[in-house]
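Each chain, written out:
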Amino acid sequence: MREPIAGAGLQLAYCITYVADLTVMTQFYQQVLGLPISEQNERFVAFGGAGAPLALELGGPPASGPRHKEQHPTLLQFAVPSIEQALATLAEHGLTIEGEVRRGSFGSLAFFRDPEGNRLAFLEPLA
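In this report, the structure presented in the accompanying data block is examined. Computed from a prediction, not measured in an experiment: that's the story for all the values here.

Cut-offs used in this document
- Residues numbered from 1 in each chain as written.
- Predicted model: local features only at pLDDT ≥ 70, side-chain atom pairs only at ≥ 80, totals over all residues.
- Heavy atoms only, no water.
- Helix = DSSP H or I, 4+ residues; strand = E, 2+ residues; numbered from the N terminus.
- Buried < 20%, exposed > 50% of the residue type's maximum accessible area, 1.4 Å probe, protein only.
- Phe/Tyr/Trp six-rings, centres within 6.5 Å; stacked < 30°, edge-to-face > 60°.
- Pairing = 2+ DSSP bridges.
- Axes fitted to C-alpha atoms, helices over the stretch in contact; angles between N-to-C directions.
- Polar contact = N/O pair within 3.5 Å; in protein donor to acceptor, adjacent residues only side chain to side chain.
- Contact = heavy atoms within 4.5 Å.

We now examine the overall build of the protein. Within the protein one finds two helices and eight strands. Mapped from its N terminus to its C terminus, the protein presents α and β elements in the order β-α-β-β-β-β-α-β-β-β. Projected onto its principal axes, the C-alpha positions of the protein cover 50 × 40 × 30 Å. The 127 residues of the protein split such that 33% are buried.

A word on the packing of aromatic side chains. With the rule as written, the count across this model stands at four aromatic pairs. Taking 5.1 Å as the distance between ring centres and 85° as the angle between the ring planes, the aromatic pair formed by F28 and Y29 counts as edge-to-face. The buried category is assigned to F28, whose relative accessible area is 5%. Arranged with centres 4.5 Å apart and planes meeting at 35°, the rings of F112 and F122 form a pair that is tilted. Taken together, the positions of F112 in strand β7 (residues 107–113) and F122 in strand β8 (residues 119–125) put the pair 10 residues apart, joining distant regions of the chain. For the pair F112 and F122, one class covers both residues: buried.

Read from one edge to the other, the open sheet built from four strands follows the order β5-β8-β7-β6, with strand pairing classed as mixed. Each of the sheet's edge strands pairs with one partner strand only, and the pair in question is β5 (76–79) and β6 (98–104). Mean inter-strand twist for the sheet, computed between neighbouring axes without regard to direction, equals 25°. Both β5 and β8 contribute to a ladder of four bridges, which runs parallel. Following the sheet pairing, F78 is matched in β8 by F122.

Each regular strand carries side chains that alternate between the two faces of the sheet. Relative to β7, β6 is paired through four bridges, and the arrangement is antiparallel. The partner of R102 across the bridge, within β7, is L109. Between the end of β6 and the start of β7, which pair antiparallel, lie two residues.

It is worth spelling out the side chain of R113 at this point. By secondary structure assignment, the location of R113 is in strand β7. Here E98 takes part through its side chain, which lies 2.5 Å from a polar atom of the side chain of R113. Once residues within four sequence positions are removed from consideration, R113 is found in contact with F28, P66, R67, E98, N118 and R119.

If you want it as C-alpha cells, here you go:
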C-alpha cells in the first residue's frame, strides 16, 4: 500500500475565503483581528502569523446578512490567550458575539461575524 500524501510532508498552504469586498475584509482581518499581511495584490491578500495562513480572494458572493453553514461551510477559529481580552477588542470595534461564551473541557469559545457575515470564533484552549 502506498504511503498517504501527508506522509510526504503535506502541509496546509492557505485557508482561502472568497470575498466580495476585498478592501473591507482586509481591513477587518488586519485592523480588528491584527493579522499581518504577508502577500497582497488586487485580487488576493494573504496573512501571516502563527498557524495555517489565512487568505482572502475576490470572487465571493455579495454580503446579504449572516451566512449560514450552507453558504459558508467553513468555520475559522482563532486561538487566543485570553477570550475576555479578545472580546473586549471586538467590543472596542463595535462588534458583539453571538450568544454566550461556551465553556467546556476544550476551553472557552465565542462566535462572531466578519463584515460579510461569515461566522468566526475565538478559542481560548485550556492550558
